[in-house]
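Architecture at a glance
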Amino acid sequence: MSLKEITPDEMLARVLHRDGLMLIVDKPTGLPVHRGPKGGASLEDYFDALRFGLPRAPALAHRLDKDTSGCLVLGRHRKALAHLGLLFKHGKVGKTYWAVVEGGPDADDGTIDLPLGRLDATRGWWMKPDPKGLPSVTTWKVLGRRPALAFPASEEAKANLTWLALTPVTGRTHQLRVHCAAAGWPIVGDNIYGTAPRFAEPTQQLHAREVVVPISKNKAPVRVAAPVPAHMRDWLGACGWNGEDPGFQ
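Figured I'd write up the structure that's included with this text. (Residues numbered from 1 in each chain as written. Predicted model: local features only at pLDDT ≥ 70, side-chain atom pairs only at ≥ 80, totals over all residues. Heavy atoms only, no water.)

**Some words on the overall build of the protein chain**
Across its full length, the protein chain holds 4 helices and 12 strands. Going through the 249 residues of the protein chain one by one, you find that 42% of them count as buried. A sequence separation of at least 24 residues applies to 63% of the contacts in the protein chain between residues at least 6 apart. When the accessible surface of the protein chain is summed, it comes to about 13000 Å², and 53% of that surface belongs to carbon and sulfur atoms. (Helix = DSSP H or I, 4+ residues; strand = E, 2+ residues; numbered from the N terminus. Buried < 20%, exposed > 50% of the residue type's maximum accessible area, 1.4 Å probe, protein only. Contact = heavy atoms within 4.5 Å. Areas by Shrake-Rupley, 256 points an atom, 1.4 Å probe, with all protein chains shown as cover.)

**Here's the deal with unusual backbone geometry**
Backbone phi values are negative for most residues with the exception of glycine, while trans is the configuration of most peptide bonds. Not every positive phi belongs to a glycine, and Phe-52 is a case in point at roughly 50°. As for its position among the elements, Phe-52 is in the loop between strand S2 (22-27) and strand S3 (59-60). One non-glycine residue with positive phi stands out, namely His-174, at about 60°. Structurally, His-174 is set in the loop between strand S10 (161-168) and helix H3 (175-183).

**Details of the environment of Lys-132**
By the secondary structure assignment, Lys-132 is in the loop between strand S8 (127-129) and strand S9 (137-146). Residue classification places Lys-132 among the exposed positions, given a relative accessible area of 79%. Here the alpha-carbon distance between Lys-132 and Gly-117, two residues 15 residues apart in the chain, equals 7.4 Å.

And the structure:
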C-alpha cells in the first residue's frame, strides 16, 4: 500500500491497542511521524481520526524513523502523555525490534555497548560512535540466518543475511541503525548508515515488533506485537521465517 492510499479508516484499522490512556498503532514504513518542512504526508495527519471521542487528539509518546515500521505509542491526553514520557525516559518501556542485516554476528546473542554522539551540526539527527557521547546499549539475538548463495539470482543474494531481535536498553536517536553498522552488519535498506542507495530499494528492514508498557500501577503491563509488514516478508523468509506469526518473543 502506498502512502497516498492510506485513508483515515485504514489508519484506524492499524490500531493495535486502545485504552483510556494510550493508543498503540502499527506505523507503516515510509510515513514520517512529524510534518516535514517540505510538507507531505505524516502520521500527524491522522491524529484527529484517532481521537475516538476524546476532545483532544492523541500525541506522540516517542518516535520511530520514517522508514521504520511497527509499534508506536500515543498518549491520549496530557496527563497520560506526561506519564508515558517518564516511562520512556527512565527505560521502563520494553521494546523489541526485528531487523534483517547484511552479514551478521558469529555468536547467537550478545550486547553492543557503544556511546553515540551527534555526527555534526549540519546533519540534523544523524549520529556516530563517539567515546565522549552518551552511553548507548543494545542487546541482540539471532532468530535466523541465510548463508550467501553459491549461484545468486540477484545482487542481494550474494551476501549473508541475518534476522535479529534487537532490544535498545537505551533510547538514543538512530541507535539500532548505528550500532548494527558499527558492528559490521548494517541493516538492509539503511541508506544513511548502511549500504543501500539513497533513494531506491530495498526498503529499510527494521520493524518495531513488540512494545511492553507498564501504563497502570495495578494492572499487568500492556504488551503488543505488530504483525510482520509486507516489505519484510520475503527478507525474513530468506532467513528462515516460516510465514507464521510466532507471537511474543
